[in-house]
Amino acid sequence: MYDFSADSADCARAVEAGLSQYLTATQLSGPGIPADRLVEAMRHGALEGGKRLRPLLVRQAAAIFSVPKEATLSTGLAVEMIHCYSLIHDDLPAMDNDDMRRGRPTVHKAYDDATAILAGDALLTHAFSMLADEACHADPTVRIRLVTELASGAGAGGMVGGQMRDIEGEKGGFTPDEISTMQAMKTGALIRASVRMGAILGGAEPRALSALTAYAEAAGRAFQLADDILDVTATAETMGKATGKDADKNKQTLVARLGVDGAREALAQIVNEAVGCLRTFGPKADGLRATARYFASREK
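All of these numbers come straight from a predicted model, not from anything done at the bench.

Asker: Before we go on, may I ask you to explain the nonpolar core in this structure?
Answerer: Considering soluble globular proteins, one finds that nonpolar side chains tend to be buried as a cluster. Membership of the largest hydrophobic core comes to 79 residues, with the highest contact counts inside it found for Leu23, Leu123 and Tyr215. No other element matches helix α11 (residues 206-233), which puts 13 residues into this core. Excluding its chain neighbours within four sequence positions, the residues that come into contact with Tyr215 are Leu57, Val195, Ala274, Cys277, Leu278, Leu288, Thr291 and Ala292.

Encoded structure:
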């Protein structure tokens, strides 16, 4: 029987250890050796915290096709480095202007704005280096597909583009459809990429990949809606970051439109939709089912 708590904890430990081993001056060296301050800032933004849910999704999707969890780690690390870089940049004064992340000072507060920008840039760059390395997968065609998938999920048509839409929406307001589009890009695109990358590692056929994509898109909506609910209902101490930001900025979220109770009802429906997409995979998809349900029940 699948144990979500055990699997997620095991994945988080593996990701923490993998990032700690990789984010060193020796591993990151190229024609030159990186400055200690840059490496320290990268480590500050990537280590000692985080639920590591995106690498977990890579692992769980690959498990459907009997891929060993160890064979998913490089891909999971690459996705997590993209996620961590995005948080470093999102926290900057020109973006969300947050002082705390994961219960400690954000990178620009612990160092400075310029160092935070460069630390994020470096994490972004090295994520693709990790995917391109033979240690990620023996087949270069698979590695190319992984690079393309992550670039699509993280780029202008995905996470970064969603952030831009969010900034524009703060100025001009959102329609309900525009909220959904922005969230599908800003948050959902990297979740979508994580699931699809796990399926790519497993050699998924088109029909299976399509079903997993539908799951991932619904799971991404569930994660964002749960996050919006927590922004209203949770404390900063519980979340390890500032809460109430959406209301402070008068941001138009689904919670603002539906109310907390209505949003929770919508969240339950979205989770059921996600789980329903996995019906053809049997027990091998229990990990993905558990993660979708966790998105709805998490308290931080």
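Asker: Please clarify how the side chain of Thr106 should be interpreted in this entry.
Answerer: Its place among the elements puts Thr106 in the loop between β2 (104-105) and α6 (107-110). Discounting chain neighbours no more than four positions away, the residues touching Thr106 are His44, Asp91, Asp98, Asp99, Met100 and Arg101.

Asker: What should I look at first to understand the packing of aromatic side chains in this one?
Answerer: What characterises a pair of aromatic rings is the spacing of the ring centres plus the angle enclosed by the ring planes. All told, the structure shown has two aromatic pairs when counted by the stated rule. We note Arg54 situated over the ring of Phe223; from NZ or CZ to the ring centre the distance is 5.4 Å. Over the ring of Phe223 we find Arg298; its NZ or CZ atom is 4.2 Å from the centre of that ring.

Asker: When you look at the state of the cysteines in this model, what are you seeing that I'm missing?
Answerer: In a disulfide, the sulfur atoms of two cysteines are held together by a covalent bond. Tallied over the full model, the rule gives zero disulfides. Its sulfur unpaired, Cys136 is 15 Å from the next cysteine sulfur, which belongs to Cys11. On the basis of relative accessibility, which here comes to 5%, the residue Cys136 falls in the buried class.

Asker: Would you mind going over helix α1 (residues 4-22) with me for this structure?
Answerer: Side chains three or four residues apart in an α-helix point the same way, a direct result of the helix having 3.6 residues per turn. Relative to the 27 Å expected for 19 residues at 1.5 Å per residue, α1 spans 26 Å between its end C-alpha atoms, a close match to the ideal helical length. Turning to α1, its buried residues number three or more, namely Phe4, Asp7, Ser8, Cys11, Val15, Gly18, Leu19 and Tyr22. Viewed along the axis of α1, the buried residues span an arc of 95°, placing them on a single side of the element. Exposed residues lying more than 90 degrees from the buried face of α1 are Ser5, Arg13 and Gln21. Packing partners of the buried residues in α1 comprise α2 (25-28), α3 (36-46), α4 (53-63), α5 (73-90), α7 (113-132) and α15 (286-297). The backbone nitrogen of Ser5 has a side-chain oxygen 3.2 Å away, supplied by the residue at the start of α1, namely Asp3.

Asker: Looking at this structure, I do not really get the environment of Leu267. What am I missing?
Answerer: Its place among the elements puts Leu267 in helix α14 (residues 254-276). By relative accessible area, which is 5% here, Leu267 ends up buried. Residues Leu267 and Val67, 200 residues apart in the sequence, show an inter-C-alpha distance of 31 Å. Residues contacting Leu267, with those up to four places away along its chain left out, are Ala222, Leu225, Ala226, Ile229 and Ala296.

Asker: So what exactly am I meant to see when it comes to helix α8 (residues 140-154) here?
Answerer: Look at α8: 21 Å from first C-alpha to last across 15 residues, which is about the 21 Å you get at 1.5 Å a residue. Listed in full, the buried residues belonging to α8 are Val142, Arg143, Leu146, Glu149, Leu150, Gly153 and Ala154. Viewed end-on, α8 has its buried residues packed into an arc of 125°, placing them on one side of the element. Residues Ile144 and Thr148 are exposed on α8 and point more than 90 degrees away from its buried face. Of the residues that open α8, the one with a side-chain oxygen 2.9 Å from the backbone nitrogen of Thr141 is Asp139.

Criteria and cut-off values
- Residues numbered from 1 in each chain as written.
- Predicted model: local features only at pLDDT ≥ 70, side-chain atom pairs only at ≥ 80, totals over all residues.
- Heavy atoms only, no water.
- Core = buried A, V, L, I, M, F, W, Y, C linked by side-chain atoms within 4.5 Å.
- Buried < 20%, exposed > 50% of the residue type's maximum accessible area, 1.4 Å probe, protein only.
- Helix = DSSP H or I, 4+ residues; strand = E, 2+ residues; numbered from the N terminus.
- Contact = heavy atoms within 4.5 Å.
- Phe/Tyr/Trp six-rings, centres within 6.5 Å; stacked < 30°, edge-to-face > 60°.
- Lys NZ or Arg CZ within 6 Å of the ring centre and 35° of its normal.
- Disulfide = S-S within 2.5 Å.
- Expected span 1.5 Å × (residues − 1).
- Arc of directions from axis to C-beta.
- Polar contact = N/O pair within 3.5 Å; in protein donor to acceptor, adjacent residues only side chain to side chain.

Limitation: the analysis is restricted to geometry and does not speak to function.
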